[in-house]
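Chain by chain, the residues run as shown.
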Amino acid sequence: MVVVEACGVGYEVMVPESVLLSLPPVGERVDLRIRQMFREDGVTLYGFADAFQRRLFDLLLEVKGCGPKIGLALIGQLGEDAVAGAIQA
């Protein structure tokens, strides 16, 4: 999880490990593609390096038994190419 400040407000954003490792130093500008999810227990923001990662995340959520945590872990650990290949197969 990272905290991203926008207009003086800090937002907690869940990101894949690969994105976490590639973030600039604290205080530097960062661009993330955000997916906002509403559940009965609250609102969660998920951040991705690009639109392709976010689309993969969306596709993973359509797989039975694959929730946001697993989707983030797959993208962060396996990488986009491996996840895209698995979805195609």
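First, a word on scope: everything that follows refers to the structure included in this document.

What counts as what
Residues numbered from 1 in each chain as written. Predicted model: local features only at pLDDT ≥ 70, side-chain atom pairs only at ≥ 80, totals over all residues. Heavy atoms only, no water. Axes fitted to C-alpha atoms, helices over the stretch in contact; angles between N-to-C directions. Helix = DSSP H or I, 4+ residues; strand = E, 2+ residues; numbered from the N terminus. Parallel < 35°, antiparallel > 145°, perpendicular 65-115°, else oblique. Contact = heavy atoms within 4.5 Å. Nonpolar A, V, L, I, M, F, W, Y, C, P; charged D, E, K, R; others polar. Buried < 20%, exposed > 50% of the residue type's maximum accessible area, 1.4 Å probe, protein only. Polar contact = N/O pair within 3.5 Å; in protein donor to acceptor, adjacent residues only side chain to side chain. Pairing = 2+ DSSP bridges.

1. Brief notes about the packing of helix H3 (residues 68-78) against helix H4 (residues 80-88)
Inference 1: Packing of H3 against H4 leaves a shortest axis separation of 6 Å and a crossing angle of 125°. Between H3 and H4, the interaxial angle falls into the category oblique. Contacts between H3 and H4 pair Leu74, Ile75 and Leu78 from the former with Glu80, Ala82 and Val83 from the latter.
Inference 2: Of the residues that constitute the contact of H3 with H4, the class distribution is 5 nonpolar, no polar and 1 charged.

2. Some points on unusual backbone geometry
Inference 1: Positive phi is not limited to glycine here, since Cys7 has a value of about 55°.
Inference 2: Within the secondary structure, Cys7 sits in the loop between strand S1 (2-6) and strand S2 (9-14).
Inference 3: For Cys7, a relative accessible area of 84% puts it in the exposed group.

3. Here's the deal with the side chain of Gln53
Inference 1: When you line up the elements, Gln53 lands in helix H2 (residues 51-61).
Inference 2: On the basis of relative accessible area, Gln53 is assigned to the buried category, the value being 3%.
Inference 3: Within polar-contact distance, the side chain of Gln53 engages the backbone nitrogen of Ala49 at 2.7 Å.

4. Observations regarding H2
Note on helix geometry: an α-helix contains 3.6 residues per turn, so any two residues three or four positions apart are oriented the same way.
Inference 1: Buried within H2 we find Gln53, Leu56, Phe57, Asp58 and Leu60.
Inference 2: Tucked into the core, H2 has its buried residues touching helix H1 (17-22), strand S3 (33-39), strand S4 (42-48), H3 and H4.

5. Some thoughts on the sheet that holds S3
The strands making up a sheet associate through backbone hydrogen bonding, with each pair oriented either parallel or antiparallel.
Inference 1: As summarised here, the arrangement of the 4 strands in space is S1-S2-S4-S3, forming an open sheet in which the pairing is mixed. Edge positions in the sheet fall to S1 and S3, since each of these pairs with one other strand and no more. Ignoring strand direction, the axes of neighbouring strands in this sheet form an average angle of 45°.
Inference 2: Strand direction decides the pairing type here: S3 and S4, joined by 7 bridges, are antiparallel. Residue pairing in the sheet places Arg39 in a bridge with Gly42 of S4.
Inference 3: Its contacts with the sheet put H2 on S3 and S4, and the angle it makes with S3 is roughly 25°.
Inference 4: Relative to the sheet, H3 contacts S2, S3 and S4, its axis offset from that of S4 by approximately 10°.

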